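Overview (structure and organization)
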Amino acid sequence: MSNLTVDKEAFHRRMKRLYTHWKNASGDDSFAKIDAMIVAVGVDEEVIYSKSTSLQTWLFGYELTDTIMVLCEEKVLFLASKKKADFLKQVEVGKENENGIPPITLLIRDKGDKDKTNFEKLMEAVKTSKNGKTIGEFSKDRFPGDFMDQWRAVLEKAGLDKIDVSATTAYLLAPKEESELTLVKKSSLVTCTVFSKYYREQVMEIVDADKKVKHFKLADGIEESITNKKFTQGVDPALIEMCYPPIIQSGGNYSLKFSVVSDKNNLHFGIITCAFGTRYKSYCSNIVRTLMVDPPQAVQDNYEFLLGVEEDVISKLQHGVRLSDVYTNAVKAVKAKRPELVEHLTKNFGFAMGIEFREGSLLIGGKTSAMARKGMVFNVNVGLADLQNKEAKEEQGKKYALFIGDTVIVNEGEPATVITPVKKRVKHVGIFLKDEDESGDEDEVNGAAGPVLLGRGKRSAVLDNKLRNEMTSEEKRRQHQVELGARLNEEARQRLSQQNSRESSEKSVKSTVSYKSRSLIPKEPEVTGLQLFVDRKYETVILPIFGIPVPFYIATIKNISQSIEGDYTYLRLNFHHPGSAMGRETTFSNPEATFLKEVTYRSTNLKEPGEAAAPSSNLNTAFRLIKDVQKKFKTREAEEREMEVRTP
C-alpha cells in the first residue's frame, strides 16, 4: 500500500463532520447514547456492501481489511498490519488535533501474542471515553476470521452495552460533497452508455433476427460490456464494476426487486424490464427501463401514466421534504387519477444510494420520517406489477409489469436532477413490428416514410439504423464482380447512345448514392463505434452525425483540412451544395433538399491508460484516406472527360 495516497483534506473534513455530529447529537439520535464507536473490518470476499467498509472508503478512499478503528471522545485508535499502518501515517500527523478532531494513535498488529496487548490498549481507550459503558457498532457487520473472532470475544468479556449506529451513519454520509457527486455522475455516464449503446442495441438485434436468447446470457453480456473501452470512455475501466448482477425479465415472470437474478428463460418479445447499475471508484449509479415490443394502446397508456408517477416523485424530492411525504403524495395522485392501479404499485419508490447501493434506512416509503437533504443521491424507481394484457395472443404475454428508474441528485428549492437521462417515452422504448406485406402496402400509399426510433418498419428491418453485413468474403467478391460488370455495361451503353446524338444530348448527372441497399454498409468497428471510416471500395466516407453513421459519396466532399491546436486535433470537411460552386457548372438532382455545408470533428491527442493510440489517430487516418480516395476519384474523372473529348 506504499503507492497509495490519502486525500488528507477530505479525511480531516469528513472526520470533523463525524465528530461534530457526535458532539451535537441529542434526543433519539443513536450517537447521543454512545461513549465510543468501533468499526472492525475483516476479510470476506462475499461481502460487497457494508457500513464498516463504506465508512472506511468515505474517510480514506480505500477499504482496509483486518483493521479495527476505535473512535473515542479524545482520541482515535487504529489497529492494523504494518503496511496499513504505514498507509495511515499519512493522516497521523498534521491538523488531526485541531478543529475538534482528536489525535490519532496507530497500533501495529502483533501475531506473537495474538494481539492481546493491543486489544487491552483499545479496551482501555474505550473505558476512559465519556462513561465508558456503551459502544456504537454496525450490528449487521460480522466479518469472519480469527482476528475478528478474537476481537468480538474481548468485547463480549468486557460486558459493554451496544447500540446500532448504522442508520445515523447512513444519514451522515448521504449528502454528497462535490467530489463525490462527480464520481456518481461518471458512474451514471457509463451506466447510460451501456444501456443505450449495448443493451438496447442487443435487444433490438435479437428481436429483429428472431433469436432465442436467455435472460441470464443477456445479463452476462451487460457485465462483460463494462470491460470494453467503447462503453467506458472518460473513466478508468479498471475502476468500474457492476453494482449487482443485471436483472432482465420478460414473459410473465416479473419481480420488481433488486435482489432477484436473471433466470434461464428465453427473452419473450413482449414487455422486457431491465435493471442494472455500475460503480465507479465505489460510488453507485442505477437505471431501470422497460422495452415494449408491439405494446397495445392500454399498455402504452399504463406506461405513460407510470412515467408521470416517476416525474411526480422526482419533482417532490427536494431538500427539507420528508421521504414519507414524497411517497404519500405520489400515491394520493395515483388514487385520484387511476385508483385501480394503486394495488399494483411497488411498496416503495426508491432509496438513497452512494458507496452502498441500497440504504435501507432511507427508503422513499410511507414509514420513513427522515428528510431529504441537498446533495443526497437517490435511486428513484417506480413500478406496476401483476398487470393483465387482455389483447395478448400468447400465454406469456398476458401478465406483465412496468418498471422505470433513474439516479437523481436532491436540490434545494427545485426538483431533483436526473443524471441518467436515457430517453424513456413510449416512442423511445417501443419496438413496433409490421409484416412485410403490410409495410409494403403502407409505403405505396404514404411514400417514403421518415426514420422512427427503434424501427417502425418491416419485421426484417426493425433495425433500420443498424449496420449489418453477413456475407462471406467470397460472396462479397462475387457480388462486386456482378456490380462492376453491370456498371461497365451500363457506361458502355450510355457512351454508344450518346454518340448518335452527341450535340443534342445533355450531360447526365452522376449519382452520388454510396450504397444501393442498407446491407452493403460495412459493419466495421469504426462504423459501429461511431468513428470516421473511409470505404475505399465504394469511395464513401462514413461520418457519425447525431449518433448515427451517415455515408457521404466522395464526390460530395469539396475539400478537407486538418489542424492541431494544443491537445486536440481538428478535422474539417466542406461539402458541395447549391450556391457553393460559383463560376462552374454544378448540377444537383434535388436542389430543394437539405444540404450539409460543413462539419468539424475534434479529438484529443492524449492517450488514456491502456490505450494503444490516442483518439485523434482516427482523424489522422481518415484525413489521409480521404485525400487518397479524392485523388484517385479526380484522376479517374479527368481520364473519363479526356476520353469523351477524343471520342469521334
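This text follows the structure it describes.
With respect to the side chain of Thr-67
Looking at the secondary structure, you find Thr-67 in strand S2 (residues 67–71). Among the polar contacts listed, one links the side chain of Thr-67 to the backbone oxygen of Thr-65, at a separation of 3.0 Å. Setting aside its immediate chain neighbours within four residues, Thr-67 contacts Val-39, Ala-40, Val-41, Gln-56, Phe-78, Leu-79, Ala-80, Lys-84 and Phe-147.

Some points on the sheet that holds strand S10 (residues 278–280)
Judged by pairing direction, the sheet is antiparallel, and its three strands sit side by side in the order S7-S10-S11 without closing on themselves. Each edge of the open sheet carries a strand with a single partner, namely strand S7 (240–242) and strand S11 (283–284). In this sheet, S10 lies alongside S7 in antiparallel orientation, the contact comprising three bridges. Opposite Met-242, over in S10, you have Thr-278 as the bridge partner. Each of S7, S10 and S11 is contacted by helix H7 (residues 178–209), which is oriented at about 140 degrees to S10, the strand it contacts most.

Things to note about the nonpolar core
Leu-55, Phe-60, Ile-68, Tyr-199, Leu-317 and Phe-378 are the most contacted members of the largest nonpolar core, which totals 147 residues. Of the residues forming this core, the biggest block, 13 residues, is contributed by H7. If sequence neighbours within four positions are ignored, Ile-68 has contacts with Ile-38, Val-39, Ala-40, Leu-77, Phe-78, Leu-79, Phe-119, Leu-122, Phe-147, Met-148 and Trp-151. Ranked by size, the runner-up nonpolar core spans 20 residues in total, among them Leu-532, Phe-552, Phe-575 and Val-629.

Some thoughts on the packing of aromatic side chains
This structure, assessed with the given rule, holds 18 aromatic pairs. When the ring of Tyr-327 is compared with that of Phe-349, the centres are 4.8 Å apart and the planes differ by 40 degrees; the resulting orientation is tilted. Of this pair, Tyr-327 sits in helix H10 (residues 323–337) while Phe-349 sits in the loop between H10 and strand S13 (350–352), placing them 22 residues apart in sequence. When its relative accessible area of 18% is taken as the criterion, Tyr-327 is described as buried.

Points about the sheet that holds S2
Strands belonging to one sheet form pairs held by backbone hydrogen bonds; the direction of such a pair is parallel or antiparallel. On the basis of which strands lie adjacent, the open sheet formed by six strands has the order S4-S3-S2-S1-S5-S6 and mixed pairing. Edge positions in the open sheet fall to strand S4 (104–108) and strand S6 (161–164), since each of these has one partner strand only. Sheet twist, expressed as the mean angle between neighbouring strand axes with direction ignored, is 20 degrees. Bridge analysis of strand S5 (residues 134–137) against S6 gives four bridges, and the strand direction is parallel. Within S6, the position partnered with Ile-135 by the bridge is Lys-162. Contacts from helix H3 (residues 82–92) reach S2, strand S3 (76–80) and S4 within the one sheet, and its direction differs from that of S4 by about 170 degrees.

Some details on unusual backbone geometry
Of note in this structure, Lys-114 is not a glycine but carries a positive phi near 55 degrees. Mapped onto the fold, Lys-114 is located in the loop between S4 and helix H4 (116–127). You can call Lys-114 exposed: its relative accessible area is 57%. Positive phi values are uncommon outside glycine, yet Asp-210 reaches one of about 55 degrees. Here Asp-210 lies in the loop between H7 and helix H8 (215–225).

Quick look at the packing of helix H9 (residues 297–316) against H10
The geometry of H9 relative to H10 is characterised by a closest axis approach of 9 Å and an angle of 150 degrees between their N-to-C directions. Of the possible angle classes, the one that applies to H9 and H10 is roughly antiparallel. Where H9 crosses over H10, the handedness of that crossing is right-handed. Note on element contacts: H10 touches H9 through Val-326, Asn-329, Ala-330, Ala-333, Val-334 and Lys-337, opposite Phe-305, Val-309, Asp-312, Val-313 and Lys-316.

Here's the deal with the pattern of salt bridges
Taken as a whole and judged by the stated rule, the model has 25 salt bridges. Asp-149 is the partner of Arg-152 in a salt bridge, and the nearest nitrogen-oxygen pair spans 2.7 Å. With a gap of three residues between them, Arg-152 and Asp-149 both fall in helix H5 (residues 146–158), about one helical turn apart. Using a relative accessible area of 19% as the deciding quantity, one classes Arg-152 as buried. For Asp-149, a relative accessible area of 40% gives the class partly exposed. Taking the shortest distance from any N to any O, the salt bridge between Lys-211 and Glu-205 comes out at 3.5 Å.

Here we look at the pairing of strand S21 (residues 540–545)
Along S21, five of the six residues are buried, which leaves the element largely enclosed by surrounding structure. When strand S20 (residues 533–535) meets S21, the two strands line up antiparallel, connected through three bridges. Bridge pairing links Val-534 to Val-541 in S21. Between the antiparallel neighbours S20 and S21 lie four residues, among them Glu-539 with a positive phi of about 50 degrees. The pairing of S21 with strand S22 (residues 548–553) spans six bridges and is classified as antiparallel. Paired with Pro-544 across the strands is Pro-549, a residue of S22. Between the end of S21 and the start of S22, which pair antiparallel, lie two residues, with Phe-546 showing a positive phi angle near 55 degrees.

What counts and how
Residues numbered from 1 in each chain as written. Predicted model: local features only at pLDDT ≥ 70, side-chain atom pairs only at ≥ 80, totals over all residues. Heavy atoms only, no water. Helix = DSSP H or I, 4+ residues; strand = E, 2+ residues; numbered from the N terminus. Polar contact = N/O pair within 3.5 Å; in protein donor to acceptor, adjacent residues only side chain to side chain. Contact = heavy atoms within 4.5 Å. Pairing = 2+ DSSP bridges. Axes fitted to C-alpha atoms, helices over the stretch in contact; angles between N-to-C directions. Core = buried A, V, L, I, M, F, W, Y, C linked by side-chain atoms within 4.5 Å. Buried < 20%, exposed > 50% of the residue type's maximum accessible area, 1.4 Å probe, protein only. Phe/Tyr/Trp six-rings, centres within 6.5 Å; stacked < 30°, edge-to-face > 60°. Parallel < 35°, antiparallel > 145°, perpendicular 65-115°, else oblique. Left-handed = near helix turned anticlockwise from the far one by under 90°. Salt bridge = Lys/Arg side-chain N within 4 Å of Asp/Glu carboxyl O.

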